Every structure is written in C-alpha cells, then in structure tokens.
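Observations on chain architecture
The primary structure of each chain is shown beneath.
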Amino acid sequence: MFKDQKISYSGVQPSGNLTIGNYLGALKNFKDFARDYKCFYCVVDEHAITVRQVPADLRRRTYETLALYMACGLDPEKSTLYVQSHVREHAELAWVLDCFTMFGELSRMTQFKDKSAKHADNVNAGLFTYPVLMAADILLYQTDVVPVGIDQKQHVELTRDIAVRFNQLYPDTFTLPEPYIAKNVRKIMSLADPTKKMSKSDENVNAVVYILDDKDTIIRKFRRAVTDSDSEIRASEDKPGVSNLISIYGGFTGKSVEETEKEFAGLGYGEFKTAVGEACAAALAPVQQRFRDYMADKAQLEAQMKRGAEEASWYASRTLGKVRKKLGFVQL
Ligand code: TYM
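Residues numbered from 1 in each chain as written. Predicted model: local features only at pLDDT ≥ 70, side-chain atom pairs only at ≥ 80, totals over all residues. Heavy atoms only, no water.

1. Section: the overall build of the protein
- Of the regular secondary structure elements, the protein holds 13 helices and five strands.
- Seen along its three principal axes, the alpha-carbon backbone of the protein occupies a region of about 70 × 45 × 40 Å.
- Per-residue burial over the protein gives 52% buried out of 332 residues.
- With the model as given, the accessible surface of the protein reaches about 15,700 Å², and the carbon-plus-sulfur share is 51%.
- Within the protein, one finds 45 positive and 44 negative side-chain charges whose respective centroids are separated by 2 Å. (Helix = DSSP H or I, 4+ residues; strand = E, 2+ residues; numbered from the N terminus. Buried < 20%, exposed > 50% of the residue type's maximum accessible area, 1.4 Å probe, protein only. Areas by Shrake-Rupley, 256 points an atom, 1.4 Å probe, with all protein chains shown as cover. Lys, Arg positive; Asp, Glu negative; His and termini not counted. Charge placed at Lys NZ, Arg CZ, Asp CG, Glu CD.)

2. Quick look at the site of the ligand
- Residues in contact with the ligand amount to 26 residues; listed here are only the nearest, Y130, D137, D151, I188 and K200.
- Contact between the ligand and G149: an oxygen atom at 2.9 Å from a main-chain N or O atom of the residue.
- In the environment of the ligand, a nitrogen atom lies 3.0 Å from a nitrogen or oxygen atom belonging to the backbone of M198.
- Contact with the protein chains covers 98% of the free accessible surface of the ligand, which is 700 Å².
- Of all elements in the fold, only β1 (6–12), α1 (20–30) and α7 (125–140) reach the threshold of two or more residues within the shell around the ligand.
- Counted by class, the shell around the ligand contains eleven nonpolar, nine polar and six charged residues. (Near = heavy atom within 4 Å. Polar contact = N/O pair within 3.5 Å; in protein donor to acceptor, adjacent residues only side chain to side chain. Nonpolar A, V, L, I, M, F, W, Y, C, P; charged D, E, K, R; others polar.)

3. Observations regarding the environment of F40
- Topologically, F40 is positioned in strand β2 (residues 37–43).
- Look at F40 and you get buried, because its relative accessible area is 0%.
- Here the alpha-carbon distance between F40 and E311, two residues 271 residues apart in the chain, equals 9.6 Å.

4. As for the domain arrangement of the protein
- By the assigned domains, the protein splits into domain 1 (7–181 + 297–327) and domain 2 (205–292).
- Between domain 1 and domain 2 the total buried area reaches about 1,200 Å² when both faces are included, carbon and sulfur atoms providing 79% of it.
- Scanning the region where domain 1 abuts domain 2 turns up zero salt bridges.
- For the pair domain 1 and domain 2, the interface holds four residue pairs in polar contact (both at pLDDT 80 or more).
- Contributions of two or more residues to the side of domain 1 that touches domain 2 are made by α1 and α3 (55–71).
- Element by element, the count of residues in the side of domain 1 that touches domain 2 is highest for α1, at five residues. (Domains from an automatic or database assignment. Buried area = accessible area lost by both parts, 1.4 Å probe. Salt bridge = Lys/Arg side-chain N within 4 Å of Asp/Glu carboxyl O.)

5. A few points about the side chain of T65
- Inspection of the secondary structure puts T65 in helix α3.
- Looking at T65, its side chain comes within polar contact range of the main-chain oxygen of R61, at 2.6 Å.
- When neighbours within four sequence positions are excluded, T65 is seen to be in contact with V12, P14, L18 and V43. (Contact = heavy atoms within 4.5 Å.)

6. Considering the packing of aromatic side chains
- As enumerated under the stated definition, the model contains 20 aromatic pairs in all.
- Ring geometry for F33 versus Y37: centroids 5.2 Å apart, planes at 80°, classification edge-to-face.
- Its relative accessible area of 8% is what places F33 among the buried residues.
- Judged by its relative accessible area of 24%, Y37 is partly exposed.
- Centre to centre, the rings of Y249 and F264 are 5.3 Å apart; their planes meet at 80°, and the pair counts as edge-to-face. Linking Y249 in helix α10 (residues 240–253) with F264 in the loop between α11 (257–263) and α12 (269–295), this pair joins segments that are 15 residues apart in sequence. (Phe/Tyr/Trp six-rings, centres within 6.5 Å; stacked < 30°, edge-to-face > 60°.)

7. So, unusual backbone geometry
- Despite not being glycine, Q142 shows a phi value in the positive range, around 50°.
- With respect to the helices and strands, Q142 occurs in the loop between α7 and β4 (145–147).
- Relative accessible area serves as the criterion here: at 9%, Q142 is assigned to the buried category.
- Positioned with a positive phi, D172 is a non-glycine residue whose angle comes to about 60°.
- With respect to the helices and strands, the residue D172 is situated in the loop between α8 (153–169) and β5 (178–180).

8. Focus on the pairing of β2
- Of all seven residues in β2, six are buried; the element is thus mostly enclosed.
- Following the chain from β1 across α1 to the adjacent parallel β2, one finds a crossover that is right-handed.
- Pairing of β2 with strand β3 (residues 80–83) involves four bridges; the strand directions are parallel. What sits directly across from Y41, in β3, is L81. (Right-handed = clockwise from strand over helix to strand, strands pointing away. Pairing = 2+ DSSP bridges.)

9. Here's the deal with the pattern of salt bridges
- One pass over the full model with this rule turns up 19 salt bridges.
- The residue E77 makes a salt bridge to R307 at a minimum N-O spacing of 3.4 Å. One end of the pair, E77, is in the loop between α3 and β3; the other, R307, is in helix α13 (residues 298–327), with 230 residues separating them in the sequence.
- Residues participating in the shared-partner salt-bridge network are D57, R60 and E64.

10. Here's the deal with the nonpolar core
- Formed by 55 residues in total, the largest nonpolar core has its most connected members in I20, Y23, Y69, F222, I248 and F252.
- Of all elements in the fold, only α1, β2, α3, β3, α9 (215–223), α10, α12 and α13 reach the threshold of two or more residues within this core.
- Three or more residues apiece are contributed to this core by two domains, here domain 1 (7–181 + 297–327) and domain 2 (205–292).
- The residues contacting I248, other than those within four sequence positions of it, are I20, L24, I188, L191, F222 and V276. (Core = buried A, V, L, I, M, F, W, Y, C linked by side-chain atoms within 4.5 Å.)

Shown next, in the form of structure tokens:
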C-alpha cells in the first residue's frame, strides 16, 4: 500500500483526562516518527465504550484528545489524525479478526483481567474482544511500528500473532507490526501507590498528574508523592516511589537515571520532589497553551476530524477490500 514508506500507528482512548503517563509513554513520542514514517494517530472512542461513559464527557474528551495530539506537536498536514468511529472499517475488520482469535488468547490478556475485576458489574463482550479491535486498528494501515507504553505491549504482540495466523491462510495480507516502547519511560506509576500504573481512571486525583493540571496543582501533587523512609535519591527496586519520580524527571528533562542521581546527591526528598514538579510544569506549559488555542476553534477541529477520517478511510478501505476478497466474500 505504501511501497517505500514505513507506517507508525497509535491510539489513545478519550475515556478520562489524559495523564503524564499517557504523555511520556505515548503522546510525546508520536512526533518522533513524523519525519521518517507515514503516521496515523487515532482517538479510539469505540474502545472507550467498553467501560460506561457519560456521552457529553466522551464527546468533549474526543475533541480534547485531538487538540492534544496537535498540541504535542503533530502536524495534521503531515500525519493523519482522526477519530475511530468515523472510519467504519475498524469495526468491520474487528469482526473478521474475531474469527481468527482464540478464546484462550483473549483470556490471557492482563488488561482484560484488570478491567473485569475493576468493573465486575459490566464484564461485557466488548471488554473481552477489545484487543481484536486494537488489532484491526493497527492492521488496517499495514503498520510497521506502534509507539505505546509497556502496558500495551501484550496487545501489540497478540496483533502480530493474529496477523501471522491470517497471513498463513491468506498470504501477504498484513504487515507485521512491532511495538516501540520509549527506553527510559516504560511505565509511569501512581504517585499514591507506586506499585500501580498511573491511570486516567484512578479515583484518587492526587495519585495522578494530568497533562492539563496547572503549575501549582502539579507541584502540590508531586510534593505529596509517596516515597520511602530513607532519604537517598536513588533508583532501585525496593524504592518504587523514588524510582518513579526519577523516571518522570528523566522523561521531562531528557536526563538519565545516573545524571539525576548525581544532580540530587545529598539533597532531600522535598527539594527533589519540587524539582520534578517544576520540570513537569515547565515542559507542559507550552503544550497547555497550544491546547487552549486549538480548543478555542471547534469548527477547525471538526474540519480536521473530517479530513483525517477521509484520509484514514481511503487507506483502511484498501486493506479491507483485500481481506474481503481473500476470504471469499462476493464482490458486487
Ligand atoms: P490508553 O488510552 O490507555 O493509553 C494511551 C497510551 O498511553 C500509554 N500509557 C502509559 N504509558 C506509560 N505509563 C503509564 N502510566 C501509561 N498509561 C497509559 C499507553 O500504553 C498507551 O500507549 N489500547 C490502547 C489504545 C489503543 C491503541 C490502538 C494503541 C487502541 N487502539 C492501536 C495503539 C494502537 C489504550 O488503552 O491506551
């Protein structure tokens, strides 16, 4: 489909206010692919409804996520930015791939286990087949690389397994994708419980720093972050709180763990936490400013959504056409 160009694809659910985990693990890295890859970045609203959403909130966050993509440096002239539910091929290919995915494979997905425990009153079939829709997203665009946080690695590996299985029966249908996980920022953890992932759905707002939090809030949240009883600023497995802060500081400043340890040697946690908050607020300030500018022009955002959907549909329909033909569906 794109003979000489590599494809980068990723998505973010508009299911809550986006966190610095989403930013450092995913969004911030998207633009790094824009120069050498053809990029598709999607606001995955169909994934979001696997958990109950308030319609007005889902709608608002869909606009916000698109605005954040651009605020994080993605140029819609170069990258295709769009909303999943505007491109019907995603749901259609997901059904086809459902028939090539095993019950046992989906039962092993850790996100399914976590989410079904958390939403025990609503363990719907969509929550279970969620990774198949994600596989459809990725495979529709013949993707080479998927920049994600480490929590999504298992889903990308399943996508590959599904693609291999399909290609064995119907050769040369899908490109096999690879996950890309940022080296220093594998997983940002909760500030209240550093053994847990920082998550946009966390009910404790102090556990999470949102991309749109103001400077005072950011600094206050970092100052309250859980650390440990000694006072050494050093990354190690038995110091998950401090290790997490070192990783966040590195994510925002580009400094390695060793550089950070050296910079804060002999200083206390209080000073370190304030410095992490300052670095985070300084890095996010220009993103927040651009976000506000984009959000001020809704008509422009809608025009952007329309254009993105048209571009994405063009590519997606080519892959789906190929799949339909290979399966033996009658072409009219
Ligand atoms: P979502 O919406 O939960 O998160 C969006 C991206 O942010 C990353 N992320 C994190 N990275 C580091 N530390 C954290 N604490 C953290 N929290 C979230 C996620 O790994 C993700 O990259 N299933 C996906 C959305 C999706 C998708 C796709 C991604 C749907 N289709 C196709 C890639 C390709 C998800 O739930 O992301």
